[in-house]
Amino acid sequence: MYDVVVIGARCAGSPAAMLFARQGYRVLLLEKVRFPQDTLSSHYIHQPGVALLDGWGLLDRLRDAGCRPIDHQSYEALGVRLDGFSLPADGHRTTYAPRRFVLDPVLADGAVASGVDFQESCTVNDLVHEDDRVVGVRYTTPGGAEATERARLVVGADGMRSLVARKAGAEKVVEHPRMTCTYYSYWADVPSHFELYEGPGRWIGAIPTNDDLTLIMAYFPQSEFAEVRTAVEPAFRQAVRDTAPDLHERMSAGRRVEQLYGTGHQENFFRKAYGPGWVLVGDAVHHKDSITARGITDAFLQAQSLTDHVGDRLHDEPALNLELKRYEKDLTDDFLDLYRGALNVAELEPGRLTEMLGKLVGHQSLIDRYFSTLSGACSIDDFYNDELLAVLDQS
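It should be emphasised that the depicted structure is a prediction, and the values quoted were computed from it without experimental measurement.

A.B. asks: Quick question: what am I supposed to make of the overall build of the protein chain here?
C.D. replies: Looking only at helices and strands, the protein chain features 14 helices and 19 strands. Its C-alpha radius of gyration of 21 Å places the protein chain within 12% of the 21 Å reference for a compact globule of 395 residues. The principal-axis extents of the C-alpha atoms in the protein chain amount to approximately 60 × 45 × 40 Å. Within the protein chain, contacts between residues separated by at least 24 positions form 72% of all contacts whose residues are at least 6 apart in sequence. Taken as a whole, the protein chain presents about 16200 Å² of accessible surface, with 47% of it coming from carbon and sulfur. The protein chain carries 40 positive and 58 negative side-chain charges, and their two centres are separated by 4 Å.

A.B. asks: Whenever I open this one, helix α8 (residues 245–253) confuses me. Can you help?
C.D. replies: Every α-helical turn comprises 3.6 residues, leaving residues that sit three or four positions apart pointing alike. Within the span of α8, buried status applies to L247, H248, R250 and M251. Down the axis of α8, the smallest arc covering the buried residues is 165°, so these residues share one side. Facing away from the buried surface of α8 by more than 90 degrees, the exposed residues are E249 and A253. The elements touched by buried residues of α8 are β10 (180–188), β11 (194–199), β12 (202–208), β13 (213–221) and α7 (232–243).

A.B. asks: Looking at this structure, how should I read the sheet that holds strand β16 (residues 268–271)?
C.D. replies: Hydrogen bonds between backbone groups are what pair the strands of a sheet, and the pairing can be parallel or antiparallel. Within the open sheet, the 3 strands sit side by side as β9-β16-β19. Their pairing is antiparallel. Single-partner strands in this sheet number two, and they are β9 (172–176) and β19 (286–287). By the bridge criterion, 2 bridges tie β16 to β19 in an arrangement that is antiparallel. By the bridge assignment, F270 is partnered in β19 with H286. Contacting β9, β16 and β19, helix α10 (residues 317–346) runs over the sheet at an angle of about 170° to β16.

A.B. asks: Sorry, what's going on with helix α12 (residues 364–375) here?
C.D. replies: Spanning 12 residues, α12 covers 17 Å between terminal C-alpha atoms, matching the ideal 16 Å at 1.5 Å per step. Buried within α12 are the following residues: L366, I367, D368, R369, Y370, F371, S372, T373 and S375. Just beyond α12, the residue with positive phi is G376, at close to 95°.

A.B. asks: It is not clear to me how the packing of aromatic side chains should be interpreted in this structure. Could you clarify?
C.D. replies: By convention here, two paired aromatic rings are described through the distance between centres and the angle between planes. This structure, assessed with the given rule, holds 13 aromatic pairs. Taking 6.2 Å as the distance between ring centres and 65° as the angle between the ring planes, the aromatic pair formed by F20 and Y25 counts as edge-to-face. Relative to F383, the ring of Y370 has its centre 6.0 Å away and its plane inclined at 55°; by these criteria the two rings are tilted. Taken as a pair, Y370 in helix α12 and F383 in helix α13 (residues 380–383) lie far apart in primary sequence, 13 residues in all. Like Y370, the residue F383 is buried in the burial classification. Through a chain of ring-to-ring contacts, the aromatic side chains of Y370, F371, F383 and Y384 assemble into a single cluster. The ring centre of Y2 lies 4.1 Å from the NZ or CZ of R26, which sits over that ring. Over the ring of Y186 we find R99, and its NZ or CZ is 3.6 Å from the ring centre.

A.B. asks: Even after reading the chapter, I still don't get the packing of helix α2 (residues 47–55) against helix α9 (residues 295–310), so can you show me in this structure?
C.D. replies: Two quantities define a packed helix pair, namely the angle between the axes and the distance from one axis to the other. Direction vectors running N to C along α2 and α9 enclose 50°, while the axes themselves pass 8 Å from each other. Classed by the angle they form, the pair α2 and α9 counts as oblique. The handedness of the crossing between α2 and α9 comes out as left-handed. Contacts between α2 and α9 involve P48, G49, L52 and L53 from the first element and T297, F300, L301 and Q304 from the second.

Reading the values: rules and limits
Residues numbered from 1 in each chain as written. Predicted model: local features only at pLDDT ≥ 70, side-chain atom pairs only at ≥ 80, totals over all residues. Heavy atoms only, no water. Helix = DSSP H or I, 4+ residues; strand = E, 2+ residues; numbered from the N terminus. Rg over C-alpha atoms; globule rule 2.2 N^0.38 Å. Contact = heavy atoms within 4.5 Å. Areas by Shrake-Rupley, 256 points an atom, 1.4 Å probe, with all protein chains shown as cover. Lys, Arg positive; Asp, Glu negative; His and termini not counted. Charge placed at Lys NZ, Arg CZ, Asp CG, Glu CD. Buried < 20%, exposed > 50% of the residue type's maximum accessible area, 1.4 Å probe, protein only. Arc of directions from axis to C-beta. Pairing = 2+ DSSP bridges. Axes fitted to C-alpha atoms, helices over the stretch in contact; angles between N-to-C directions. Expected span 1.5 Å × (residues − 1). Phe/Tyr/Trp six-rings, centres within 6.5 Å; stacked < 30°, edge-to-face > 60°. Lys NZ or Arg CZ within 6 Å of the ring centre and 35° of its normal. Parallel < 35°, antiparallel > 145°, perpendicular 65-115°, else oblique. Left-handed = near helix turned anticlockwise from the far one by under 90°.

Listed below in structure tokens is the structure:
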């Protein structure tokens, strides 16, 4: 019997398993694919996520894998351009945007090095219940055999379509409709920093990643998904040309090295986070439009929060229930504003925000603080300080 079974070994599951193991628990980590394997992703790790990687002892592994450091961000919309970068989080200002076939094995290796029993190519089929409590999982091994493992706590880190959430009956407590669809690919010979461009009905991003490649993403309204998916290439190029002409020139001079990837299935929700014998983390508990590139960082933060709350209380039922309740409350307290912010950006309607941002031009400290609200290094309340109010009053 294990203390903890974690289902899903990507950006929430591997860190959670690793941290539970470092607390002295016996942990099984199940993953349906075999690493390395790519997955849809916006790639970017904000400063708080980088700080956690360093604290976990994994940042050097990521650097050694050839992921280019990022220390410059720009935003351009309706004639306004801001250049700067987020303030540091726990001493870390440089960020990274690794390919997922690079990042995910680094995280899983960190779990294994901490004593986690990691099993790949395993398909979880069901949860094991006794009375009203989850007490384990049933899964299919790589060889096709059916297996059952019992645990004190089952952690669902299995993504937006979480089987754990479905089998445990975790209802959505906050939910909004899909807002955007997105397509992206990778280009060689396209110099870039972390670039964001916004126009009516369009959002374009460019981010340096591994192997000296640049990730370029285009976002469209969800209402256009059916049309865009039938002619992705021309729609993508037109969106970049219209919204980010300079980037389009660089992109056209470069060379695309992979196909275009994309999705129109970006849910926006918070789920009930826990119940008797189970808990959710990462995209399984909270998913939002990828347009603000928060997924990886938020998964890291949630894994740290969950394991900090559980601590040494896993086998103390009343104490465990209290801490899981506090974990659920922290999810709302820590991520609801970021969720609302993502929904606002995903409306793809630049206007009043761009007008306000235009007033920051020439005030570098305020520009950096604005970018810090996106990274999580600065709260919205702290951004609206006396310096900002004075600038807005003068305009």
